[in-house]
Amino acid sequence: MPRLQADADPTRWVAVTDSLGLGGRRHRKAAIRMLLGQANTALGAQAKPGSGFMAWAMSQATPFLMRRAAGRVLVWVWKADPELLVVMAQMQQATPQLRAARASMPMEYDDTETFRGTYLGIGEKLAMSLPRDQRTPPFATYTWDSGTHFVTVTAVCSDRERFGTVIGAVDELARTLRVVDDLAVGESRSVLRIEP
């Protein structure tokens, strides 16, 4: 089964995907708290007294949910400030419904630029440093279409003023993303494996 891998710089990023138990707990909780806060703001809701408990509960469940995704979802948080930046990479099957949904996105999502990944080749990057709606946090998305799958990296930042200072590190992380599978060399005479 194909899955994602990336070479995240451990001095900048903390991986949430495989951080079970106490390892990475503080970073997971802070990232989830930031995302919940951004979602509440976008929906016009006020923070609720129990939201701290909700963030804790989700931080405990998240690694198990990601483990069930079997490498199709990877998540990192900014090590120096986990509430500042969350990055998620995911791989989805390119169904006709997903292609139709992508084609129906709002006009501002057409302002993409070409982005080259080291392993995935040419893709698209969309950076929204100042979204029109003040409630929407700055974000960036990177997308590659392999024909059978979409590989997408989404970075969400909680601070409009600091978005420009971290987007370069997100670019570096996105460039290291690759798709791997479990096919062993020699498993089939008709398959030739070549390193990128």
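These remarks concern the structure in this document.

Thresholds, definitions, all that
- Residues numbered from 1 in each chain as written.
- Predicted model: local features only at pLDDT ≥ 70, side-chain atom pairs only at ≥ 80, totals over all residues.
- Heavy atoms only, no water.
- Pairing = 2+ DSSP bridges.
- Helix = DSSP H or I, 4+ residues; strand = E, 2+ residues; numbered from the N terminus.
- Axes fitted to C-alpha atoms, helices over the stretch in contact; angles between N-to-C directions.
- Contact = heavy atoms within 4.5 Å.
- Phe/Tyr/Trp six-rings, centres within 6.5 Å; stacked < 30°, edge-to-face > 60°.
- Buried < 20%, exposed > 50% of the residue type's maximum accessible area, 1.4 Å probe, protein only.

### Considerations on the sheet that holds strand β6 (residues 121-128)
A sheet is described by the order of its strands in space; here seven strands give the open sequence β2-β3-β4-β8-β7-β6-β5, paired in antiparallel fashion. On the outer flanks of this sheet lie β2 (13-15) and β5 (113-117), each paired with one strand and no other. Taken pair by pair, the neighbouring strands of this sheet meet at an average axis angle of 25°, ignoring direction. With three bridges connecting them, β2 and strand β3 (residues 73-78) associate as antiparallel partners. Each bridged residue has a counterpart across the sheet, and for Trp13 the counterpart in β3 is Trp78. In the packing of helix α3 (residues 96-103) onto the sheet, the strands contacted are β4 (85-93), β6, β7 (139-145) and β8 (149-157), and the crossing angle to β8 comes to about 45°.

### Notes on the packing of aromatic side chains
Per the stated rule, a full pass over the model turns up three aromatic pairs. Taking 4.9 Å as the distance between ring centres and 65° as the angle between the ring planes, the aromatic pair formed by Phe115 and Tyr142 counts as edge-to-face. With a gap of 27 residues between them, Phe115 in strand β5 and Tyr142 in strand β7 connect regions that are remote in the sequence. When sorted by exposure, Phe115 lands in the same class as Tyr142, which is buried. On the basis of an interplanar angle of 65° and a centroid distance of 6.0 Å, the ring pair of Phe115 and Trp144 is categorised as edge-to-face.

### Comments concerning the pairing of β5
Sheet topology note: the β5/β6 ladder contains five bridges and is antiparallel. Among the inter-strand pairings, Arg116 is bridged to a residue of β6, identified as Ile122. In textbook terms, the turn of a hairpin is the stretch between consecutive antiparallel strands, and for β5 and β6 this stretch comprises three residues.

### Looking at the environment of Ile122
Mapped onto the secondary structure, Ile122 falls in strand β6. As a C-alpha pair, Ile122 and Asp145 span 23 residues in sequence and 9.0 Å in three-dimensional space. Residues within four places of Ile122 in sequence aside, it is in contact with Thr114, Phe115, Arg116 and Trp144.

### Re the pairing of β8
Most of β8 is tucked away: seven of the nine residues are buried. Bridge analysis of β4 against β8 gives nine bridges, and the strand direction is antiparallel. What sits directly across from Leu85, in β8, is Cys157. Strand direction decides the pairing type here: β7 and β8, joined by seven bridges, are antiparallel.

### A few points about the side chain of Thr152
Note that Thr152 resides in strand β8. In this structure Thr152 comes out as buried when scored by relative accessible area, which is 10%. Excluding anything up to four places from it in sequence, Thr152 contacts Met88, Ala89, Gln90, Tyr142 and Thr143.

### A short note on the environment of Tyr109
Structurally, Tyr109 can be placed in the loop between α3 and β5. Among the residues examined, Tyr109 registers a relative accessible area of 27% and is labelled partly exposed. Sequence spacing of Tyr109 and Met128 is 19 residues, and the spatial spacing of their C-alpha atoms is 8.9 Å. If we ignore the near neighbours within four places in the chain, the residues touching Tyr109 are Leu126 and Phe139.

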